[in-house]
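An overview of the molecular structure
This is what each chain is made of:
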Amino acid sequence: MVDYEVTIFTGSLDQATSYNEVYIKLVGTDGESHRTRLIDYKGSSAFIRGAVSDFTVSCSVSIGKLVLIELDKQRFLFFPEEDWFPAKVVIKSPEGDTYTVPIYRWITDSKVHRYKEGTALRVFEDNHRHGSNSREKELKRRKEEYRWDVYKEGIPHCIKARDPCSLPPEVRFSFTKTVQFTFTALEGKIELMLEGLANCKKKWKDMHHLNRAFWHKTHMADYVQKHWKEDVFFGYQYLNGINPMLIRRCMALPSNFPVTDDMVFPRGQSSLEEEMKKGNIFLVDYKLLDGVKPSVINGKKQYLMAPLVLLHKTPQDQLMPIAIQLKQTPADDNPIFFPTDSEYDWLIAKIFVRSADFNVHELNVHLLRTHLLAEVFTVSLLRNVPMVHPLYKLLIPHTRYTLQINILARLLLISKTGVFTKFSASGGEGMITILKRSMASMTYSSLCIPEDIAERGLKDLPNFNYRDDGLRLWDIINRFVQEVLGYYYKNDAEVKQDSELQKWISDIFVHGFLSKKNTGIPQSFTSVTELVKFVTMVIFTCSAQHAAVNSGQYDFDGWMPNAPTSLQRPPPTKKGTTNEATMLDTFPDVNATVHGMAVVWLLSKQSTDFAPLGHYPKNHFTEETPCKLIKKFQERLEEFEASVKARNGILEVPYTYLIPSEVENSVAL
């Protein structure tokens, strides 16, 4: 007889415990064990949450190298059938070899479940060494669990699921996450109800009344409330706010933006041509919103402009707005506004810009370019790549909670009765128009921050912390991905031969980018370099980019005047007609304001089971080399974080959204 030492690790998730009987069978290259009930001195507590329990499985002869294990659980005495979340199984053979089988899945029934030994294998290796039967069965089951669906034509496809409960258990929120997410949502709503604001369809009486509704204050939100009117802060937000994705260097004015030298340099101190040659003029063009049908809120028509904004980098390295045109077509009733105009003419022009920015940010920059893309990457991974594949092990931490948060967004935010639909200017028909237009203009290069920054001409713009931190993080992630994938793929031929890898990118091209070649998204991988770049983009999008455009939502948008969800008066058609009363009449009604505040508060609230970038609580990699590479990755992130904190210490407004310990591994909020 020969003995195999078996150690079962039960996961630390809430409700991972099971008191059922657990059985195991070991399957090797030369034979298999009998199905064996696992019993140790702990008895019924062997499979409680966080338990590590040791067992012995005896065989008459050696089974050779371990290929897979079979696990099942059965009711024990009077105990009901219970779900169980095994994390991994470690087996030590009589020959002295140690095998790790990662599981990290709920077992919810009494069927036999098969799990492969955890050494990361590409498909051609697996076929050669063990045959692909178990792998094919795993993917067949996954394709039944994770099916594609079309939410709206013209935007990325999504998971087919009615609600979070219809998702497989292992991709749902943890119990902790569910409770905290629900509590945060209820907390905001209850406060609004107690204040009598949630159902109030009236206008704001005065700024004091609005100040009282600003019930949660972060340090940054308080700063925004104090500085939102200032031009220097208006410009700052294009670099270090939650939408640093629109600004670009301007080398020639658009023909529909007829700004002249005397308008912006009235004392002749410079000229637009000179400043453009020096690289000091920047443009933000909201043409994406042109002609979008605005919504109706509380029975009142709303207004959503498509502004053009011209900014100037001053000798003091401040980015200052110098001209705003609120509609795309020049006309007598579409004046160009300047800082030299009356206080409220200029302020209301900036308010219309900030409202436009809110809507573009939420739908294009945040929803489409992080949430919806992350869902595509996730569904394709789960459908096409088995657990033992190195790509699965590398990317699975960056998919955590993404499917559930997106289902909740479709149910609670952008559905017909969703908060965004009911209380934003672009809700309803306009939302789909914006998403389709955004999708049509999205490119691969715009998702890769080094290329995006270069294409927008922003390489040397000072005080651009999003760029500086984002480029550093991209490089750190890219180096890690290159090291890990380089360990498994020794040449381009191995990439081309990996059919599971090719199916993953093919599904992304078809379902994520709707088979559009002009996006630049690869349809297949032909080299290690191409694979590394794409996987870097995926990890960066799901972690750093999402953090940059999500985490500061309440900081910048919680104070409504800085980011109105909607505006309910048309913009002024001539100058000298505005005052504070005009501004208050233009702002969204009380209920629209406070529902917007509540949503951005909810979406900015970090959960206690937050998993930061570089942390892999479920260690799918079992080989020594990738585990060492993960540790190096974490060390580089720590070094980078220290440098960011040192820089932030001398800034009036610290930029914190890309501090690695504050960046979540996945799109989970």
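Residue indices begin from 1 for each chain and proceed along its sequence in written order. Owing to the predicted nature of the model, reporting of local features is limited to residues with pLDDT of at least 70; listing and counting of side-chain atom pairs is limited to 80 or more, with chain, interface and lining totals taken over all residues. The side-chain values count all of the structure's non-hydrogen atoms but skip hydrogen atoms and water molecules.

**So, the pattern of salt bridges**
Take a side-chain nitrogen of Lys or Arg and a carboxyl oxygen of Asp or Glu: if they are within 4 Å of each other, that pair is a salt bridge. Under the defined criterion, the tally for this structure stands at 33 salt bridges. The residue Arg114 makes a salt bridge to Glu70 at a minimum N-O spacing of 3.2 Å. Linking Arg114 in strand S8 (residues 113-116) with Glu70 in strand S5 (residues 66-74), this pair joins segments that are 44 residues apart in sequence. The closest approach of N and O atoms between Lys350 and Asp231, which form a salt bridge, is 2.6 Å. Per the convention used, a helix needs a DSSP run of H or I reaching at least four residues, while a strand needs a run of E reaching at least two, with both numbered from the N terminus.

**Examining the confidence of the model for the protein chain**
One confidence number per residue, pLDDT, is output by the predictor and ranges from 0 to 100. When pLDDT is averaged along the protein chain, the result is 92; 94% of the residues meet or exceed 70. In what follows, residue pairs with any heavy atoms lying within 4.5 Å of each other are defined as contacts. Low confidence marks residues 127-131, where pLDDT is under 50. Its contacts with residues over four positions away, or in another chain, come to six contacts.

**Brief notes about the packing of helix H15 (residues 465-488) against helix H18 (residues 528-550)**
Two elements in contact, H15 and H18, have axes separated by 9 Å at closest approach and are oriented at 140°. Accordingly, the angle class assigned to the pair H15 and H18 is oblique. The handedness of the crossing between H15 and H18 is right-handed. Touching Tyr466, Gly470, Leu473, Trp474, Ile477, Asn478, Val481, Gln482 and Leu485 of H15 are Leu531, Val532, Lys533, Val535, Thr536, Met537, Ile539, Phe540, Ser543, Ala544, Gln545 and Ala548, all from H18. In this count, Pro and Cys sit with the nonpolar residues alongside Ala, Val, Leu, Ile, Met, Phe, Trp and Tyr, while Asp, Glu, Lys and Arg are called charged and the others, Gly among them, polar. Grouping the amino acids of the contact of H15 with H18 by side-chain chemistry returns 14 nonpolar, six polar and one charged. To get an axis, fit a line to the C-alpha atoms, keeping to the stretch in contact for a helix; angles then go from 0 to 180 degrees between the N-to-C directions. Any angle from 65 to 115 degrees is called roughly perpendicular, while one under 35 is roughly parallel, one over 145 is roughly antiparallel, and all others are oblique. The sense of a crossing depends on the near helix, which, turned anticlockwise from the far helix by less than a right angle, makes the crossing left-handed and, turned clockwise, makes it right-handed.

**Section: the sheet that holds strand S11 (residues 248-249)**
Strand order in the open sheet made by the five strands is S11-S12-S15-S16-S17, with antiparallel pairing throughout. Two strands bound the open sheet, and with one partner strand each, they are S11 and strand S17 (336-337). Relative to strand S16 (residues 319-325), helix H9 (residues 343-384) is tilted by about 90°, and along the sheet it contacts strand S15 (308-313), S16 and S17. One bridge is not enough; two strands pair if DSSP finds at least two bridges between them.

**Some points on the packing of aromatic side chains**
Aromatic rings in a pair are described by how distant their centres are and how their planes are angled relative to each other. For Phe, Tyr and Trp, where Trp contributes only its six-membered ring, two rings pair if their centres lie within 6.5 Å, and the inter-plane angle classes them as stacked under 30 degrees, edge-to-face over 60, or tilted in between. Counting across every chain of the model gives 25 aromatic pairs. Aromatic side chains Phe480 and Phe633 sit 4.2 Å apart centroid to centroid with 5° between the ring planes, which places their arrangement in the stacked category. Of the two residues, Phe480 is situated in helix H15 and Phe633 in helix H22 (residues 624-648); the sequence distance between them amounts to 153 residues. The pair formed by Phe480 and Phe633 is uniform in burial state, with each residue classed as buried. With 5.6 Å between their ring centres and 85° between their planes, Trp504 and Phe534 make a pair best called edge-to-face. One end of the pair, Trp504, is in helix H17 (residues 499-512); the other, Phe534, is in helix H18, with 30 residues separating them in the sequence. The residues Trp504 and Phe534 share a single accessibility class, namely buried. Counting every residue linked through ring pairs, the aromatic cluster contains Tyr223, Phe233, Tyr236, Phe556, Tyr655 and Tyr657. Over the ring of Tyr23 we find Arg35; its NZ or CZ atom is 3.8 Å from the centre of that ring. Whether a charge lies above a ring is judged from NZ of Lys or CZ of Arg, which has to be within 6 Å of the ring centre and within 35 degrees of the ring normal. In this arrangement the basic side chain of Lys152 is found over the ring face of Tyr151, its NZ or CZ atom lying 5.9 Å from the centre. Buried means the residue's accessible area, taken with a 1.4 Å probe over protein chains only, is under 20% of the maximum for its type, while exposed means over 50%, and partly exposed covers the values in between.

**With respect to the nonpolar core**
As used here, the term nonpolar core means buried Ala, Val, Leu, Ile, Met, Phe, Trp, Tyr and Cys residues forming a set that is joined through side-chain atoms within 4.5 Å. In terms of nonpolar packing, the biggest core is built from 161 residues, with Tyr286, Trp504, Phe534, Val535 and Phe587 touching the most fellow members. For this core, the element with the highest residue contribution is H9, accounting for 23 residues. Among all residues touching Trp504, those that are not within four sequence positions of it are Phe377, Ser380, Leu381, Asn384, Val385, Leu391, Leu395, Phe525, Phe534, Val535 and Val538.

**Topic: unusual backbone geometry**
Look at Asn298: it is not a glycine, yet its phi comes out positive at around 55°. Examined against the element boundaries, Asn298 turns out to sit in the loop between strand S13 (296-297) and strand S14 (300-301). In this structure, Tyr401 takes a positive phi of about 70° despite not being glycine. Following the sequence through the fold, Tyr401 ends up in the loop between helix H10 (390-395) and helix H11 (402-412). When its relative accessible area of 6% is taken as the criterion, Tyr401 is described as buried.

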